[in-house]
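Notes for the structure review
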Amino acid sequence: MNIWVLCVACITLIAFFAHVIVGTKETATLAPRTADEKRTTNWVQAMCVFQMLSVDLLVVAVTLFAIAFIDIGPLERPATLLLSLLFFIWGLVWVVQMKWLNRPAVTLWRLPHWVVWFFCSALLYLGG
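Summarised in this report is the structure supplied together with it. (Residues numbered from 1 in each chain as written. Predicted model: local features only at pLDDT ≥ 70, side-chain atom pairs only at ≥ 80, totals over all residues. Heavy atoms only, no water.)

It is worth spelling out the packing of helix α1 (residues 3-28) against helix α4 (residues 113-127) at this point. For the pair α1 and α4, interaxial distance at closest approach is 8 Å and the crossing angle is 155°. Considering the angle they form, α1 stands roughly antiparallel to α4. Here α1 and α4 pass one another in a crossing that is left-handed. The residues of α4 that touch α1, namely those facing Trp4, Val5, Cys7, Val8, Ile11 and Ala15, are Val116, Trp117, Phe119, Cys120, Leu123, Leu124, Leu126 and Gly127. Split by residue class, the contact of α1 with α4 holds 13 nonpolar, one polar and no charged. (Axes fitted to C-alpha atoms, helices over the stretch in contact; angles between N-to-C directions. Helix = DSSP H or I, 4+ residues; strand = E, 2+ residues; numbered from the N terminus. Parallel < 35°, antiparallel > 145°, perpendicular 65-115°, else oblique. Left-handed = near helix turned anticlockwise from the far one by under 90°. Contact = heavy atoms within 4.5 Å. Nonpolar A, V, L, I, M, F, W, Y, C, P; charged D, E, K, R; others polar.)

Written out as structure tokens, the structure is:
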């Protein structure tokens, strides 16, 4: 069993549940109050994209649990490093988007999701 991978699998599963339960509730509050067709279309699209990430988190968590508990031989290291790269890219995209949007009321520390993704990336790199 790879303890590094197991830790990231657990973090990712927690992120999945937080995303589905808390995130969906928060994103639902952004629904337009008026019958503005354009804003409603944009909001529905955002909700759909948000749930696509939920599916990604679940698939990654299941994959990580499989790597942690099943001996996949010579594929374990490349799979673990590939997932480490995925988490790193998630963190990088988060930071770049936050900086690009540049909203003074929302800092990197107010939405520190990137810290989790970089931490998971480092754990997977160590576990690879």
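So, about the packing of aromatic side chains. Counting across every chain of the model gives eight aromatic pairs. With centroids separated by 5.1 Å and ring planes inclined at 70°, the aromatic side chains of Phe87 and Trp90 adopt a geometry described as edge-to-face. Remark: Trp90 and Phe87 occur in helix α3 (residues 76-101); sequence separation between them is three residues, near one turn of the helix. Note on accessibility: Phe87 and Trp90 belong to one class, buried. When the ring of Trp90 is compared with that of Trp117, the centres are 5.1 Å apart and the planes differ by 65°; the resulting orientation is edge-to-face. (Phe/Tyr/Trp six-rings, centres within 6.5 Å; stacked < 30°, edge-to-face > 60°. Buried < 20%, exposed > 50% of the residue type's maximum accessible area, 1.4 Å probe, protein only.)

Turning our eyes to something else, we now look at the side chain of Thr80. Tracing the chain through its elements places Thr80 in helix α3. Apart from residues no more than four positions distant in its own chain, Thr80 is found in contact with Val5, Ile67, Leu124, Gly127 and Gly128.

Turning next to unusual backbone geometry. Within the chain, Asn102 stands out as a residue other than glycine whose phi angle is a positive 45°. Looking at the secondary structure, you find Asn102 in the loop between α3 and α4.

For Glu76, the location among the structural elements is in helix α3. With 50 residues separating them in the primary sequence, Glu76 and Leu126 have C-alpha atoms 13 Å apart. Aside from chain neighbours lying at most four places away, what touches Glu76 is Asn2, Ile67, Ile70 and Asp71. Side chain to side chain, Glu76 and Asn2 meet in a polar contact 3.4 Å long. (Polar contact = N/O pair within 3.5 Å; in protein donor to acceptor, adjacent residues only side chain to side chain.)

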